[in-house]
Amino acid sequence: MVSSVTEKTRDWLKIRDDFPILNSVDARGQRLAFLDSAASSQKPESVIAAVDCYYRETNANIHRGVYDLSERATAQYEAARHMVADFVNAASAREIVFVRNTTEAINLVAQTWGRRNIAAGDLIVVTTMDHHSNLVPWQLLADEKGARIEAVRITDDGRLDMSHLGELLAMGPQLVAFPHVSNSLGTINPAAEIVRMAHDAGAVTVVDGAQSVPHMPVDVRELDTDFLAFSGHKMLGPMGSGALYGKLALLEDMPPFMGGGGMIRKVSIERSTFADVPARFEAGTPSVADAVGLGAAVEYLQQIGMAEVGEHEHNLTQLAVERLQGIPELRLYGPEKPGLRGGTLSFTLGDIHPHDVAAILNEENVAVRAGHHCCQPLMDRLGLVATTRASFYVYNDEDDVDRLVSGLRRAQAIFAA
Ligand code: PMP
């Protein structure tokens, strides 16, 4: 309801002040309406300060030094791991592997668990709405092993076709990989139910949490997924930060991803034995400052509360949907029912090219994304080449929605002239 959004945004306006970039204005004095958080989020002062402070006061290589500075750096890195584990309610911090992003997390699973467990003729199930990051790693693996890939179809309103999922599961796949929330359609998939169905069929699950972990409470023990991949940079953390959650028993049974320093127990010229989990998967010097920054991001989000984050985005999305539906010729993709969608809205505006829409919005200092959003199979299914996408996060407010709507009306007026 519009009134409750207004109530909410009154408090939420203060959050915006924590983000230095959002307090900038363009050459025309317009403030930035940043509506591209699904690609990467902005960073609050506390995260910037954590990274800055790390380099000023703590910087040293970790896990090797016997001097104070190195021990402090190690302690901060491991403390960040505990914070991330707590954030997704992992049973142990050892179940969290630091990676650069969701893409790396999924490739890690494909190249380690996948190479060991997928054989010729095996079936990997993905979905039509997956990001390329949750498709291409499985294609590479399937090509190498001679495995097959099938994708769960979607309904016309952008939900997974659960009966088709059932049909694919009846074929006995080894792996089911799917997005918790679609980065193009905003669809929130029934992740716990899909995991349960996949497990009943004997499959291992990989949940792409790139668009869920930053935006809603995600509890890996409730989901019961075997793996969950997410990007720190989409959840207020530094670029180059991300994590893979994996059930400890599975991680312990997996060979290393990359070889090098930090991931070994004993090395001879001919062969090596490997460190325990998670060090086994973190070869070389990690991005310590970025992990520390991710810890600060988690702390910031926990101070707000993830349920509140979800509710704020839900309210803004509802408001935006109402307003966008009032624009003639605007076609919104994804589920109509508000409870089924997160804070990402993909749309087309008549036959104006999405890139032109985004360029006109940019003139108003409204930042949105246009393109296939790394979801070409989904675009093919929708019969589209591209959409314009607006996505919300903690720092967005009603004014951003107004700016989006008036920019879209201006785009229509320009193209009608
Ligand atoms: N999966 C989804 C659903 C995403 O939205 C994204 C980022 N657009 C990715 C995977 C890849 O994330 P990253 O680029 O951080 O690896």
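Just so it is clear, the structure is predicted and the values come from calculations on it, not from any experiment. (Residues numbered from 1 in each chain as written. Predicted model: local features only at pLDDT ≥ 70, side-chain atom pairs only at ≥ 80, totals over all residues. Heavy atoms only, no water.)

**Here's the deal with the nonpolar core**
As a reminder of what qualifies: For this analysis, a nonpolar core means a set of buried residues of the types Ala, Val, Leu, Ile, Met, Phe, Trp, Tyr and Cys, connected via side-chain atoms within 4.5 Å. Buried, partly exposed and exposed residues are distinguished by accessible area as a fraction of the type maximum, computed with a 1.4 Å probe on protein chains only: under 20%, between the cut-offs, and over 50%, respectively. What makes two residues a contact is simply this: any of their non-hydrogen atoms within 4.5 Å.
Counting 74 residues, the largest nonpolar core has V88, L228, M235, L236, L301 and V394 as its most contacted members. Not counting the four nearest positions on each side in its chain, L301 is found in contact with F87, M235, L236, M306, V309, Y393 and V394. Membership of the second largest hydrophobic core comes to 28 residues, among which are A105, W113, V204 and M254.

**Let's talk about the sheet that holds strand 11 (residues 330-333)**
Inclusion rule: The pairing criterion is simple: DSSP has to find at least two bridges between the two strands. Numbered from the N terminus, helices here are DSSP runs of H or I no shorter than four residues, and strands are runs of E no shorter than two. All axes here are fitted lines through C-alpha atoms, helices being fitted over the stretch that makes contact, and every angle between N-to-C directions spans 0 to 180 degrees.
The strand order 11-12-15-14 describes an open sheet built from 4 strands, whose pairing is antiparallel. Taken across any chain shown, the strands that pair with only one partner, and hence form the sheet edges, are strand 11 and strand 14 (369-371). Within the sheet, the average angular offset between the axes of one strand and its neighbour, ignoring direction, is 30 degrees. The pairing of strand 14 with strand 15 (residues 387-391) spans 3 bridges and is classified as antiparallel. When the bridges of strand 15 are listed, G371 appears paired with T387. The strands touched by helix 12 (residues 354-363) are strand 12 (344-349), strand 14 and strand 15; relative to strand 14, the strand with the most contacts, the crossing angle is about 165 degrees. Contacts from helix 14 (residues 398-416) reach strand 11, strand 12 and strand 15 within the one sheet, and its direction differs from that of strand 12 by about 15 degrees.

**Quick notes on the pairing of strand 6 (residues 204-208)**
It is a general feature of regular strands that their side chains alternate between the two faces of the sheet. Which entries qualify depends on this criterion: The path from the first strand over the helix to the second decides the hand: if it runs clockwise while the strands point away from the viewer, the crossover is right-handed.
Burial analysis of strand 6 places 5 of its 5 residues in the buried class, the great majority of the element. Residues V204, V206 and D208 of strand 6 are buried on one face, and the alternating residues T205 and V207, pointing to the opposite face, are buried as well. As paired elements, strand 5 (residues 175-179) and strand 6 share 5 bridges and run parallel to each other. Bridge pairing links V176 to T205 in strand 6. In this region the chain leaves strand 5, passes through helix 7 (residues 191-200) and returns to the parallel neighbour strand 6; the handedness of that crossover is right-handed.

**Section: the pattern of salt bridges**
Side chains that differ in charge, positive against negative, can pair when their charged atoms come close. The condition is simple: Any carboxyl oxygen of Asp or Glu that lies within 4 Å of a side-chain nitrogen of Lys or Arg is treated as forming a salt bridge with it.
One pass over the structure, following the stated rule, counts 22 salt bridges. The partner of D156 in a salt bridge is R381, with the nearest N and O atoms 2.8 Å apart. With D156 in the loop between strand 4 (148-152) and helix 6 (162-169) and R381 in helix 13 (residues 376-382), this residue pair connects regions lying 225 residues apart in the sequence. By relative accessible area, D156 is classed as exposed at 67%. Judged by relative accessible area, R381 falls into the partly exposed class, the value being 32%. Each of R16, R31, D397, D399 and D400 takes part in salt bridges that share partners, so that together they form one network.

**What about a nonpolar patch on the surface?**
Put simply, the test is: Residues enter a patch when their relative accessible area is above 30% and they make no salt bridge; the linking distance is 9 Å between like charges and 5 Å between nonpolar side chains (Val, Leu, Ile, Met, Phe, Trp, Tyr). Reported accessibility uses the Shrake-Rupley method at a 1.4 Å probe radius. Residues are deemed covered only where the shown protein chains occlude them.
Together, I264, V267 and F274 make up an exposed nonpolar region whose accessible area comes to about 220 Å². Within the fold, F274 resides in strand 10 (residues 272-274).

**Thoughts on the pairing of strand 15**
Within strand 15, 5 of the 5 residues are buried, leaving the element largely enclosed by the surrounding structure. Residues T387, R389 and S391 point to one face of strand 15 and T388 and A390 to the other, with burial holding for every one of them. Where strand 12 and strand 15 come together, 4 bridges link them in antiparallel fashion. Bridge assignment links T344 to a residue of strand 15, and that residue is S391.

**Regarding the packing of aromatic side chains**
This is how it is decided: Between rings of Phe, Tyr and Trp, where Trp is taken as its six-membered ring, a pair exists when centres lie within 6.5 Å; planes separated by under 30 degrees are stacked, by over 60 edge-to-face, and by other angles tilted.
One pass over the structure, following the stated rule, counts 6 aromatic pairs. Measuring from ring centre to ring centre gives 4.8 Å for F19 and Y395, while their planes differ by 70 degrees; the resulting arrangement is edge-to-face. Of the two residues, F19 is situated in the loop between helix 1 (2-16) and strand 1 (33-34) and Y395 in the loop between strand 15 and helix 14; the sequence distance between them amounts to 376 residues. What makes F19 buried here is its relative accessible area of 0%. These aromatic residues form a ring-pair network of at least three members: F19, F34, Y300, Y393 and Y395.

It is worth stressing that arrangement in space is one thing and function is another; only the former is reported here.
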